[in-house]
Amino acid sequence: MIMSLALCLLYSASTDGLWQEANQAYQEERFDIAAEKYESLLAEGAENGKIHYNLGNAYFKSQKLGKAILHYYRAEKFLPGDDDIHNNLTLANESRVDPIIENEDEAFLRSVDLLWNRMNYSTVFYLSLLFLVVGGLASLVIVIRPKSGKWLGYVMVIGATLGLLLMGTAFLQYRQLSRNDFAVILAAQVEVLAGPSTRETVNFTIHEGIRCQILDESPGWFRIRLANGYNGWVPRAVLEVI
Amino acid sequence: MRRIGFLALVLLLPGSAAFAQDPNVTFSIAPREVGLNELVQFTIQVEGGPRGRAPNFPNGFELGDFELAQRRPSTSMQTTIVNGKVTSTNSYTYLLRPTKKGTFELPSQAVQVAGKTFQSPKTQISVKDEVRNLRSTRSRSPIDSFQNDRRNQRQQQAEIFAEMSTSKSEYFIGEPIAFQVKIFRTPGVNISSNGSSMSLPDFRDFWVEEVDRETWQDTVIRDSKRYEVDILAERLLYANKTGKLTVDPTEFELAVSVGRSFFADWQRVRRSTNALELTIKPLPAEGKPANFTGLVGSFSVKGELDKSSISLGDSVSLKVEIAGDGNFAAVSDITLDNLKRDFEVYEGGTPTSETRGGRVISKTWVFALVPKREGDYQIPLPRVGFFNTEEGRYHTSAEKILNLEVTPGERLAGGQVSVGRESGTILAEQNLNYIKLGDLGDISGKPKLQRPMLLVQTAAGFLVLDLLVFVGLLMRSRGQDHKNRFRSKYAWKNFQKAVGPLKSKEGEPFYAGLADALLGYFGDKWDRPAQGISLEMIRNRLEKDGIEPTHFDDVNACMESIELARFTPGSAGAREQLLNKTVATVKSLEGVLS
């Protein structure tokens, strides 16, 4: 018991030390060193949104766009709706060679800009819960005392409507955040082939940092799909799953 | 008639055109190496000036260590007509005689042409011993000249020979080595390109760069003899390694003749040059600047902006030039990464090179810069590190700053300033939000997201609760209705339930309970609250229902007995009697009312 407690304390001290060293290296603009130390933290099993976000920044500063985008997306899973991550991910995506290609859910959510871009998942979730509870309580009062007044009816209708809308948004955001079939291209330029063989014809070419969905796999190959519907096969080594 | 027309063309056109343009004056001084018995030609060439009027020397002709061989210059005139444009060129040649041996500087001369003053360059001239006149070879038979007999061999070799040369014998690695292959020939000896060949050595220890210059001629004095020199090959060599390196001889097979007579006999002769021994030294390790990329020589960086002030959204052109003398092949491309924080940088394609004498003397890059925000900017020019071979140490080009003012640009709809964007490169680092500092926090490695299904469950829970409450209230309401509807049927049972517990009671509780039970019976029977039932009401209702009056009398007697007994309580026997009487009265009423 004491041994395991001591080991836990030792582990915690070493990860904190490594975290501080990595941040120090970043502040001294030694971005490659900072990235190595953040990677060491991940290799030791420590993982959270802060590490992925800072690692994304270190890669961004080291001009490694693909890895920066990969870690921003991973950070977003831990800290959904974090303003810093959102800002830097947008910058990184704007720096890509390929134009921004969104997945359909994101495109829809971007069209309802108010809900998606201005509120993070936690806010959406708890607001939805609040409105649903308010609407539900109002409905209970109305059922118990039908002559309790019009205002209670308004409260019920507004609460239920907003609650349901936010619930739909929360479902879409959750789907985005919890998917694990997305990957980021890390190679500078990748030729997407018609089949899982180098002899196949080249369908199209994509570049570092683009996000894609993994549809299928074969030894050494992934079949990927871009948001615009283009799909094809690429070697496993050129991408990393978010 | 044709003659008159030709004269008019010669006299009128050049004359009218000559005065219509500013004169262009050039100077030439040759040769730079003369024997004491030779002359130096100082030629002033005037293009577009006044015809037939020799230039003035307002400060006099400063001859230094030379003297004029003749007072008046020899003149020549040339007229050219190109695309209708007539150009007249007059040449004035002064012959200067050296007075002593040595190296002298012919001073710069101020020359006045058409009212304008031009300045000739200062020129170094080397004066050597008297040169032997070898032109008598022209009179010899060509066969005699190149006969391979021993008596004439030395003379033949003196008359035509080849040489490989570099400017010095020791170089640093990376330093360009100017390599030339020359043929020396006495005046009157001609070489025909037809039938001549040259075999250059294999530069196995060197990287070779072609010098883009056509073969050219010069004259030199060797052993008091003047030779015409043909430079047949020029290369820039860069040693691949340090140490003593050898360049093998160049082999020639030449078709030569003496004199330009139609009957001159062309002969084939073989010549080979000397071999070259070069010492290549390594660059010193100490003092090497961080930005050293292998440049050896002397370099400087210049730059200019085409505008000093622009509006936000506009672009400015930045020209960066690296100039100097050295191995330009080692000049790496300029990227201006340091400016990408404040500017969007667009490269203007491949750099342009300027050459002189076939060698690169400068490389120029052009960039378009688009500022990202307004303000005053100081744009530092890139610096290059190089090894100066003359000083034997490393240098870094001087720091130079260009200033640029960026004023607010035109605002577009939405408040956005029009600024271009370069795709594929990271540009907006200054907008990057900083890293997260502080404690590392939870590092369990699993994202914690509230499942949205909880929202569905909440909504569904309220719906079910609403439904349950609604159904409960509905059932309660229906049960009451049912009970009310069948109230009269239960009147007798309720009465019996009410009087049952009275047997064990005495005093006021007994009498009050008995009165309530009796009135409650009528309330249940007629679906009214028991509290509102009075004897008068009972009598009227019974009469209305056609019940015999004796029943009411029994009820009245019971009520009076109960009221009386309240004030004068009786014994247990009297209470039982009253109870039985009341039960019997209600029982008989039940018989007629139901």
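Quick caveat, the model's predicted, so the values are computed rather than measured.

Time to look at the overall build of chain A. What chain A contains, in helices and strands, is 9 helices and 7 strands. In chain A, once contacts between residues fewer than 6 apart in sequence are set aside, the share between residues at least 24 apart is 56%. Per element, the accessible surface of chain A, about 12000 Å² overall, is 60% carbon and sulfur.

This brings us to the UniProt feature "repeat: TPR" (unreviewed entry) in chain A. Look at the UniProt record and you will see "repeat: TPR" (unreviewed entry) annotated at residues 49-82 of chain A. With 79% helix and 0% strand, residues 49-82 of chain A has its two end C-alpha atoms placed 10 Å apart.

On to the sheet that holds strand S14 (residues 189-199) of chain B. All names here are of chain B. If you walk across this open sheet you meet the 3 strands as S14-S19-S20, and the pairing is antiparallel. The open sheet is flanked by S14 and strand S20 (267-272), the only strands paired with a single partner. Within the sheet, the average angular offset between the axes of one strand and its neighbour, ignoring direction, is 30°. Sheet topology note: the strand S19 (residues 251-258)/S20 ladder contains 6 bridges and is antiparallel. Pairing of glutamate 253 across the sheet is with arginine 270, part of S20.

Between chain B and chain A, the residue contacts involve 42 residues of the former and 56 residues of the latter. For the pair chain B and chain A, the two sides together bury roughly 4300 Å², of which 65% comes from carbon and sulfur. Across the contact surface, chain B and chain A share 2 salt bridges. A:Asp82 is paired through a salt bridge with B:Lys436; the nearest N and O atoms lie 3.2 Å apart.

All names here are of chain B. Spatially, S12-S21-S18 is the arrangement adopted by the 3 strands of the open sheet, whose pairing is mixed. Two strands bound the open sheet, and with one partner strand each, they are strand S12 (170-172) and strand S18 (243-247). For this sheet, the mean inter-axis angle between neighbouring strands, taken without regard to orientation, is 35°. Two strands pair when backbone bridges link them, and S18 and strand S21 (residues 276-281) are joined in this way by 5 bridges, in the antiparallel orientation. Considered in S21, the bridge of threonine 246 is made with glutamate 277.

A word on the packing of helix H8 (residues 549-567) of chain B against helix H9 (residues 572-593) of chain B. All names here are of chain B. In the contact formed by H8 and H9, the axes pass within 10 Å of each other and the chain directions differ by 155°. As the angle between them shows, H8 and H9 are arranged roughly antiparallel. As H8 packs across H9, the resulting crossing turns out to be left-handed. Across from His551, Asp554, Val555, Ala557, Cys558, Ser561, Ile562 and Ala565 in H8, the residues of H9 making contact are Leu578, Lys581, Thr582, Thr585, Ser588, Leu589 and Val592. Taken together, the residues that form the contact of H8 with H9 break down as 8 nonpolar, 5 polar and 2 charged.

Reading the values: rules and limits
Residues numbered from 1 in each chain as written. Chains lettered and ligands numbered in written order. Predicted model: local features only at pLDDT ≥ 70, side-chain atom pairs only at ≥ 80, totals over all residues. Heavy atoms only, no water. Helix = DSSP H or I, 4+ residues; strand = E, 2+ residues; numbered from the N terminus. Contact = heavy atoms within 4.5 Å. Areas by Shrake-Rupley, 256 points an atom, 1.4 Å probe, with all protein chains shown as cover. UniProt positions renumbered as here; feature names shortened; annotations may be inferred. Pairing = 2+ DSSP bridges. Axes fitted to C-alpha atoms, helices over the stretch in contact; angles between N-to-C directions. Buried area = accessible area lost by both parts, 1.4 Å probe. Salt bridge = Lys/Arg side-chain N within 4 Å of Asp/Glu carboxyl O. Parallel < 35°, antiparallel > 145°, perpendicular 65-115°, else oblique. Left-handed = near helix turned anticlockwise from the far one by under 90°. Nonpolar A, V, L, I, M, F, W, Y, C, P; charged D, E, K, R; others polar.

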